[in-house]
Structures are given as C-alpha cells and as structure tokens.
Amino acid sequence: MNLMENNIKWIKPFAFYNLSNIQEINLSLNQIELIEDKAFYLLPNIKRINLYQNYIKPISSFSFSNQHYLLLFGFHLNDLINVTRYVEDPLQMNTIKTIDLSSNHIQTLTSDSFDQFETVDRINIDTNIIAEVRSFTFHKPKNLTRIDYKLNLFESDSSGFIFENQKRIILLNFYKNYFSLFNSRLDSNELFLNDIIIK
C-alpha cells in the first residue's frame, strides 16, 4: 500500500483494519505527527512499515501491537527524541531485521534501548545528536552485524561495555563523532571487524 506524499497528519486506531493481506505500508513524505494506539493492529502479514520523513515525536508502546512478521522498522527523518519501548511484548518484534532511526533528534541511548529487538541485524542511528551511550546498550540483540553511528556527538566508550555480547559485528561506523577514548571490549578472536571507522 503506497500512501507517500499525501497530507496525512495522524494515524488513528485500527486505521488499516481488515487489510489482512497487506505486506507493506509506505507512509513516507507525509506530515504525520501522531500514531495512536493500535494504529497498525490486525495486520497479521505486514513486513514493512515505512514512516520516513514525517514529524513523529512520541510513539506509544501500543502503536505496533500484534506485529509478528515485521522486518523493517523505518523512522528516518522524523522528530524522535529518544529510543523507547515500541511494544509491550518484545516477542511481537522478534522478526525485525533493520531499524532505521537516522536523522532524528535522539540524544541518549540507554541500557534497554534495544532490548525488544533481539533478532535485529542492522541498526542505523546516524545523524542524531547522541552524546551518551550507556553500558550494555547493545547487549540484547544477538544477530547484530552493522551499526551506523556516524555524525553524532559521542565522545568515548570508557566503560568498554557498550558492545558487550556482540559476536557478529562486521561494521561499526563512527565517522565524525568526537572520540577521545575508544575502549570497547571487542574480542578480535571472536569478532570479524572488517571496518571500524573512527575519525
């Protein structure tokens, strides 16, 4: 379903009710500021929800209830200020492969920011204003191979525990941050790091 470049301002509960065969909804380039509870409820086959380039700030933890096959979680170019709990039951997000939160206004990543995304492969969180990333932020996702963190305000990983428990990462992109110390506990005998970019 392609709803790009309309003038949609908010998504009401059950907005897509009875569209059980829909696999992709593209809501990019609208003026969406609010997604209400259960907005995408009863979409049993949905795999991609694309909300790029809107004005979304808060996201209710019930907005994406009942999603069991979702692969792409896309919020590039919105007004998000934090990474919060997007669903009440983490098992409802256990198919997500890509999270795109780039080009928002996110300031901090907490130790539970990505706890609900255990199967995610790629996290794009570049072009925000993130200065603080707390220990164990990426602890729960077990399949991470790529983290794009360029163009933020990150200064150091003094604890060494931000990337604890990551065994599959092949790309960490920290281009144009403010590193004075990088002390992440990445064991090169267990990790295959093709490219760590720190400038």
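Since the structure is predicted, the reported quantities are computational estimates derived from the model, not experimental observations.

Caption draft 1: Structural detail: the pattern of salt bridges. On inspection of all chains with the given rule, the structure shows three salt bridges. For the salt bridge of E132 with R134, the shortest nitrogen-to-oxygen distance reads 3.1 Å. Classification of E132 by relative accessible area gives partly exposed; the value is 38%. Residues joined in a network through salt bridges with shared partners are D126, D148 and K150.

Caption draft 2: Looking closely at the confidence of the model for the protein chain. Residues of the protein chain with pLDDT of at least 70 account for 83%, and the chain-wide mean is 83. Confidence drops under a pLDDT of 50 for residues 187–193, and excluding neighbours within four residues, the segment shows eleven contacts in the predicted structure.

Caption draft 3: Molecular detail of the packing of aromatic side chains. Enumeration according to the criterion identifies eight aromatic pairs in this entry. Pairing F114 with F138 gives two aromatic rings, centres 5.4 Å apart and planes at 10°, and the pair type is stacked. Of this pair, F114 sits in the loop between β7 (108–109) and β8 (122–124) while F138 sits in the loop between β9 (132–133) and β10 (146–148), placing them 24 residues apart in sequence. Classification of F114 as buried rests on a relative accessible area of 0%. Judged by relative accessible area, which is 1%, F138 ranks as buried.

Caption draft 4: Fine view of the side chain of N26. Within the secondary structure, N26 is located in strand β2 (residues 24–26). Of note is the side chain of N26, whose polar atom sits 2.8 Å from the side chain of S28. If sequence neighbours within four positions are ignored, N26 has contacts with M1, N2, L3, M4 and N50.

Cut-offs used in this document
Residues numbered from 1 in each chain as written. Predicted model: local features only at pLDDT ≥ 70, side-chain atom pairs only at ≥ 80, totals over all residues. Heavy atoms only, no water. Salt bridge = Lys/Arg side-chain N within 4 Å of Asp/Glu carboxyl O. Buried < 20%, exposed > 50% of the residue type's maximum accessible area, 1.4 Å probe, protein only. pLDDT = per-residue confidence, 0-100. Contact = heavy atoms within 4.5 Å. Phe/Tyr/Trp six-rings, centres within 6.5 Å; stacked < 30°, edge-to-face > 60°. Helix = DSSP H or I, 4+ residues; strand = E, 2+ residues; numbered from the N terminus. Polar contact = N/O pair within 3.5 Å; in protein donor to acceptor, adjacent residues only side chain to side chain.

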